[in-house]
Amino acid sequence: MIPVTKPFMPEKSDFEAYLDGIWKREWLTNNGPLVNELELKLKDFLGLKHMLYVTNGTIALQLAIKALDLDGEIITTPFSYVATTSSIVWENCTPIFADIDPNSLNINPVEIEKCITDKTTAILATHVYGNPCEIEKIDAIAKKYNLKVIYDAAHCFGTTYNGKSVFEYGDISTTSFHATKLFHTIEGGAVFTTDPELLKKLSYMRNFGHNGPESFVGLGINGKNSEFHAAMGLVNIKWIDSILENRKTQSEYYSKKLINSRIHFPKISKQSGFNYAYYPIVLESEEMCMKIFKSLTKHEIFPRRYFYPSLSTALSYVESKHLEISDDISKRVLCLPLYYDLSFVEIDMITRLILRELNN
Ligand SMILES: *Cc1c(COP(=O)(O)O)cnc(C)c1O
């Protein structure tokens, strides 16, 4: 069986080595030493001054919306995971879907501008599959209309943009360290900002708003993460170069096999150092997409229709909206299996089945 993804599993003994310290300290959560150590290691790897490790990528998004005091309408992408939209609704704002660019599959800045009303307060954009958005254009729109920008960078661990971590862009960026992501802490996430005031606010918010055992500076939530999750992160970060390198080699091998076929690949930003987080292919029709999907599943290979359906038509709690590009692409996109120990022989098998469907 070949799944679309598998969590990276480090050596069990490396994880166990951290447990002795946890038992000795009897300090399980609440900004413990392993959480601090993980934040330091991640900042060092990513070249960042600041980050806050939080419970998960969804809480990271909700903290970002809350910390920026957003209300009214937030313009967002329909081509993302549901958490991008549900966080907006959870924070009592209204998501307004802007269509995507057919080449990058990221939110299209031209479409963002068409959605702006006097109720718009922010743009929440996803760097889809780890491929950065057109950040300069989004920034220019935000400046022109006085809007905040949040980037859902859940796919972006290791991605750079103009030579620095993509997490540094926007008023706030968020990411996820969920087990299925390229770098994970089982469950986990982070918020990033370069604004020191906002960072301070977020750090209080992460811990119920406490600024002392008996005092509070504002509204907060439980956004903390535990020593056990941090330990998994500390073990996994040792492997990150090899994880990124493998993803690149496997993706290039896929591309070598699939070139000259009738497959469309998302166009990766020239300004980015890409992390190869996913291997998406866009087929010529939904019919072809399903033919390939069925042929692979018959052989115990499980690609994922990711993202399908387009969020603009999928949610009972948001008014459905027809968006030409997102509706169309989501019907004919597949993410192919990609994980640490996926072998070339397995990629050969997957690509052979795909080419066979395309050629008959
Ligand atoms: C995974 C993911 C999230 C949610 O992160 P969790 O850590 O699972 O809460 C949000 N947005 C996108 C684009 C994701 O892929």
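All values derive from a computational prediction rather than experimental measurement.

Along helix α6 (residues 135-145), the residues that are buried comprise Ile135, Ile138, Ile141 and Ala142. Burial along α6 is one-sided: seen end-on, the buried residues are contained in an arc of 130°. More than 90 degrees from the buried face of α6, the exposed residues found are Lys143 and Lys144. Those residues of α6 that are buried are in contact with α5 (109-114), β4 (120-126), β5 (148-152) and β6 (160-161).

Let's shift gears to helix α7 (residues 196-206). Considered for burial, the residues of α7 that qualify are Leu198, Leu199, Leu202, Met205 and Arg206. Down the axis, α7 shows its buried residues gathered within 125° of arc, on one side only. Facing away from the buried side of α7 by more than 90 degrees, the exposed set consists of Pro196 and Glu197. Tucked into the core, α7 has its buried residues touching α2 (33-46), β1 (52-54), α3 (57-67), β8 (172-176) and β9 (189-192). For α7, the N-terminal capping position is held by Asp195, with its side-chain oxygen 2.9 Å away from the main-chain nitrogen of Glu197. Looking one or two residues beyond α7, the residue adopting positive phi is Phe208, at roughly 65°.

A few words on the site of the ligand. The environment of the ligand is made up of 16 residues, and the closest members are Gly57, Thr58, Asp152, Ser176 and Lys181. Here an oxygen atom of the ligand and a side-chain polar atom of His155 are 2.9 Å apart. Interatomic distance of 3.1 Å between a side-chain N/O atom of Lys181 and an oxygen atom of the ligand. Bound to the protein, the ligand loses 92% of the 380 Å² it would expose on its own. If you list the elements that add at least two residues to the shell around the ligand, you get α3 and α4 (82-90). Counted by class, the shell around the ligand contains four nonpolar, ten polar and two charged residues.

Often, the extent of an interface is quoted as the loss of accessible area upon association of its parts. Under the domain assignment used here, the protein chain contains domain 1 (12-238) and domain 2 (240-359). One C-alpha centre belongs to domain 1, the other to domain 2, and the line joining them spans 25 Å. Listed per partner, the contact involves 42 residues of domain 1 and 37 residues of domain 2. Between domain 1 and domain 2, a total of about 3300 Å² is buried, with carbon and sulfur atoms accounting for 64% of that surface.

So, on to the sheet that holds strand β3 (residues 94-97). Taken together, the seven strands give an open sheet; going across it, the order is β1-β9-β8-β5-β4-β2-β3, and neighbouring strands pair in mixed fashion. Each edge of the sheet is formed by a strand with only one pairing partner; in this case those strands are β1 and β3. Averaged over all pairs of adjacent strands, the angle between strand axes in this sheet comes to 25°, irrespective of strand direction. Summarising the sheet, β1 and β9 pair through three bridges and their orientation is antiparallel. If you follow Leu52 over to β9, its bridge partner there is Val191. Where α4 meets the sheet, its contacts fall on β2 (73-76), β3, β4 and β5, and the angle it forms with β3 comes to roughly 145°.

Examined against the element boundaries, Thr297 turns out to sit in helix α10 (residues 286-298). The partly exposed category is assigned to Thr297, whose relative accessible area is 22%. Once the C-alpha coordinates of Thr297 and Leu342 are considered, the two residues, 45 residues apart in sequence, prove to be 17 Å apart. Only 2.3 Å separates the side chain of Thr297 from the backbone oxygen of Phe293, close enough to count as a polar contact.

Inspection of the secondary structure puts Ile329 in helix α12 (residues 324-331). Leaving out residues up to four positions away in the same chain, Ile329 has contacts with Phe79, Pro102, Leu105 and Val282.

Attention shifts here to the sheet that holds β6. Taken in spatial order, the three strands line up as β7-β6-β12 in an open sheet, and their pairing is antiparallel. At either margin of the open sheet sits one strand with a lone partner, and together these are β7 (164-165) and β12 (272-273). Inspection of the sheet shows β6 paired to β12 by two bridges, in the antiparallel sense. Bridged to Tyr161 within β12 is Ser272.

Here β2 shows a buried face lined by Glu73 and Ile75 and a second buried face lined by Ile74 and Thr76. You can see the chain leave β2, run along α4 and come back into β3, and the turn it takes is right-handed. Here four bridges tie β2 to β4, and the two strands are oriented parallel to one another. By the bridge assignment, Glu73 is partnered in β4 with Thr120.

All right, on to the packing of aromatic side chains then. All chains considered together, the criterion is met by 22 aromatic pairs. Ring centres 6.2 Å apart and planes at 85° place the aromatic pair Phe79 and Tyr129 in the edge-to-face group. Taken as a pair, Phe79 in the loop between β2 and α4 and Tyr129 in the loop between β4 and α6 lie far apart in primary sequence, 50 residues in all. On the basis of relative accessible area, Tyr129 is assigned to the buried category, the value being 2%. With 5.3 Å between their ring centres and 85° between their planes, Tyr161 and Tyr169 make a pair best called edge-to-face. Relative accessible area serves as the criterion here: at 1%, Tyr161 is assigned to the buried category. Owing to a relative accessible area of 12%, Tyr169 belongs among the buried residues under this scheme. Taken together, Phe45, Tyr53, Phe157, Phe167, Phe177, Phe183 and Phe192 form an aromatic cluster joined through their ring pairs.

The rules behind each value
Residues numbered from 1 in each chain as written. Predicted model: local features only at pLDDT ≥ 70, side-chain atom pairs only at ≥ 80, totals over all residues. Heavy atoms only, no water. Buried < 20%, exposed > 50% of the residue type's maximum accessible area, 1.4 Å probe, protein only. Helix = DSSP H or I, 4+ residues; strand = E, 2+ residues; numbered from the N terminus. Arc of directions from axis to C-beta. Contact = heavy atoms within 4.5 Å. Polar contact = N/O pair within 3.5 Å; in protein donor to acceptor, adjacent residues only side chain to side chain. Near = heavy atom within 4 Å. Areas by Shrake-Rupley, 256 points an atom, 1.4 Å probe, with all protein chains shown as cover. Nonpolar A, V, L, I, M, F, W, Y, C, P; charged D, E, K, R; others polar. Domains from an automatic or database assignment. Buried area = accessible area lost by both parts, 1.4 Å probe. Pairing = 2+ DSSP bridges. Axes fitted to C-alpha atoms, helices over the stretch in contact; angles between N-to-C directions. Right-handed = clockwise from strand over helix to strand, strands pointing away. Phe/Tyr/Trp six-rings, centres within 6.5 Å; stacked < 30°, edge-to-face > 60°.

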